[in-house]
Amino acid sequence: MSEELYIYCTDMEGKEHKLQATEEWSVMEIIREGGIPILGQCGGSCACATCQIYVDPSWKDKIPEPSEEEIGMLDGAFGVNENSRLACQIFFTRELNGLRVKLAPGSV
Amino acid sequence: MEEGREIKLIETDAIIIGTGPAGLFAVFELGLHDIKCHLVDILDRPGGQCAELYPEKPIYDIPGVPVCTGGELVERLMEQIKPFHPEFHLGQMAEKLEKTPEGKWRVTASGGVIFEAPVVVIAAGGGSFVPKKPPVKDIERFEGKSVFYAVRRKDDFAGKNIVIAGGGDSALDWALNLQPVAGKVTLVHRRDEFRAAPDTVSKMRALVEAGKMDLEIATLAAIEGENGQISKVVLHRDGAELIHLPCDALLAFYGLTMKLGPVAGFDLKFEGDLIAVDPASFETNQPGVFAIGDICTYPGKMKLILSGFHEAALMARKAFGYVHPDRRYRFQYTTSSSNLKSALGVTQTK
């Protein structure tokens, strides 16, 4: 099977990028590997809230719910809304192929 | 530096900028080479990210330590470097790096201390921890006048109508502390749950219940005012309703973030926000100035605590030549060397 795996990420300037995705990688790692300098200061351990993204509403239900820890960590982010997630806490699977996300304030 | 402050000159062997795990372990490695260290850190306690971002989180990849928290790792490192009597200068920003006419390095810190040494080790991780600033328009114009990220003197807020933003311990502690002196305190948080000590949360809830403190579940949308004096905050409530809340001061507590800060102005070779080093010695392009831990880059670099430890060991070997130019380098093991054992304050054991 050589299905192409990818996500779409809109940067702070509003430009959408199609990024190659790898199963089991966090969305943060996929974004970074794709050449978009997402901050992610703690390295992906849900400890800093500098990888906030907005998940496209059409994808929200397909992604596992955030943990209490992740919801709490979002207290340290800005512009948080019902689509806010930490990119380091979403792990890519085939079911998420074509996922659309947008970088949020404080993530670059 | 501010004028009129007393300036203190400290001459030492090595100045370490940053007290995260890499900076702390550098004290150990340099200590084994009879190199005395002074450390500077912007935070008021040692530990860097381990202390600030994940003191309670478990770390599993420290060799020989199956699990310990960020806080425990810092405690253990502090214990391990005790024999070398490192001196800490906390709550200070390393602002300037320059060469002295005698060929040493001079580091100027924000607290009015100037250090001179033949060796400087930059172990500043992701940079300095600074408060997260709400991304609202023109906030810089109000900072230090009516918008603050810390409280210096409670009395400055006496009788004032203050808005405190945030949902953690800092926000709640200050809300409770300032409530008796302030004219009015409004706590603003994005959700009706607080990540603070349960006792603090209960006290806050009681004050709100008693009508002695206001609580708004909303996010900060804008601030208004003139000449640095805030006159109101605009809050965004769920359902797009905007609230205009008059106030005299805004205190924002959204935690800390890392900014490279003054290090960016040091005359060193950078690759982006990272300092390029020689992976054989972790020396920068400036002889005697080293960079270790997350802030350095070289082919194959991994941002792991254990990489910082390795980098500290190789750095110390090269640093030895700068601090003790007249001594011959001798490689020794802590298991067998009586010199090292006496430096560590341990007696000979089998």
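From a predicted model like this one, the values you see are computed outputs, not experimental measurements.

Draft legend 1. Looking closely at the overall build of chain A. Of regular secondary structure, chain A possesses 2 helices and 5 strands. For chain A, the α and β elements follow one another from N to C terminus as β-β-α-β-α-β-β. Taking the principal axes of its C-alpha atoms as reference, chain A extends roughly 40 × 25 × 25 Å. In chain A, which comprises 108 residues, the proportion classed as buried is 51%. Put simply, of all contacts in chain A between residues at least 6 apart along the chain, 66% involve residues at least 24 apart. Of the roughly 5,200 Å² that chain A leaves accessible, carbon and sulfur atoms contribute 48%.

Draft legend 2. Just the packing of aromatic side chains, in detail. Residue and element names in this part refer to chain B. Overall, the coordinates contain 10 aromatic pairs over all chains when judged by the stated rule. Ring geometry for Phe25 versus Phe309: centroids 4.9 Å apart, planes at 50°, classification tilted. Of this pair, Phe25 sits in helix H1 (residues 21-32) while Phe309 sits in helix H6 (residues 305-323); the two residues are 284 residues apart in sequence, bridging distant segments of the chain. Taken as a pair, Phe25 and Phe309 share a single burial class, namely buried. Measuring from centroid to centroid gives 5.2 Å for Phe282 and Tyr298, while their planes differ by 70°, and the two rings are edge-to-face. Of this pair, Phe282 sits in the loop between strand E22 (274-276) and strand E23 (289-291) while Tyr298 sits in the loop between strand E24 (296-297) and H6, placing them 16 residues apart in sequence.

Draft legend 3. Broad picture of the sheet that holds strand E13 (residues 161-165) of chain B. All names here are of chain B. The parallel open sheet is built from 5 strands, whose spatial order is E12-E19-E13-E14-E15. With partners counted over all chains shown, the strands left at the sheet margins are strand E12 (147-148) and strand E15 (214-217), one partner each. The pairing of strand E14 (residues 184-189) with E15 spans 4 bridges and is parallel. Among the inter-strand pairings, Thr186 is bridged to a residue of E15, identified as Asp214.

Draft legend 4. Highlighting the confidence of the model for chain B. Averaged over all residues, the pLDDT of chain B is 94; the fraction at 70 or higher stands at 97%. Across the interface, the model reports ipTM at 0.88; the global pTM reads 0.87.

Draft legend 5. How the structure looks around the environment of Ile42(B). Residue and element names in this part refer to chain B. Looking at the element boundaries, Ile42 is found in the loop between strand E3 (37-41) and helix H2 (49-52). Looking at Ile42, the relative accessible area reads 27%, which means it is partly exposed. Spatially, the C-alpha atom of Ile42 lies 8.6 Å from that of His89, the residues being 47 residues apart in sequence. With residues near it in sequence (within four places) discarded, Ile42 still touches Gly91, Gln92, Met93, Ser128 and Phe129.

Criteria and cut-off values
Residues numbered from 1 in each chain as written. Chains lettered and ligands numbered in written order. Predicted model: local features only at pLDDT ≥ 70, side-chain atom pairs only at ≥ 80, totals over all residues. Heavy atoms only, no water. Helix = DSSP H or I, 4+ residues; strand = E, 2+ residues; numbered from the N terminus. Buried < 20%, exposed > 50% of the residue type's maximum accessible area, 1.4 Å probe, protein only. Contact = heavy atoms within 4.5 Å. Areas by Shrake-Rupley, 256 points an atom, 1.4 Å probe, with all protein chains shown as cover. Phe/Tyr/Trp six-rings, centres within 6.5 Å; stacked < 30°, edge-to-face > 60°. Pairing = 2+ DSSP bridges. pLDDT = per-residue confidence, 0-100.

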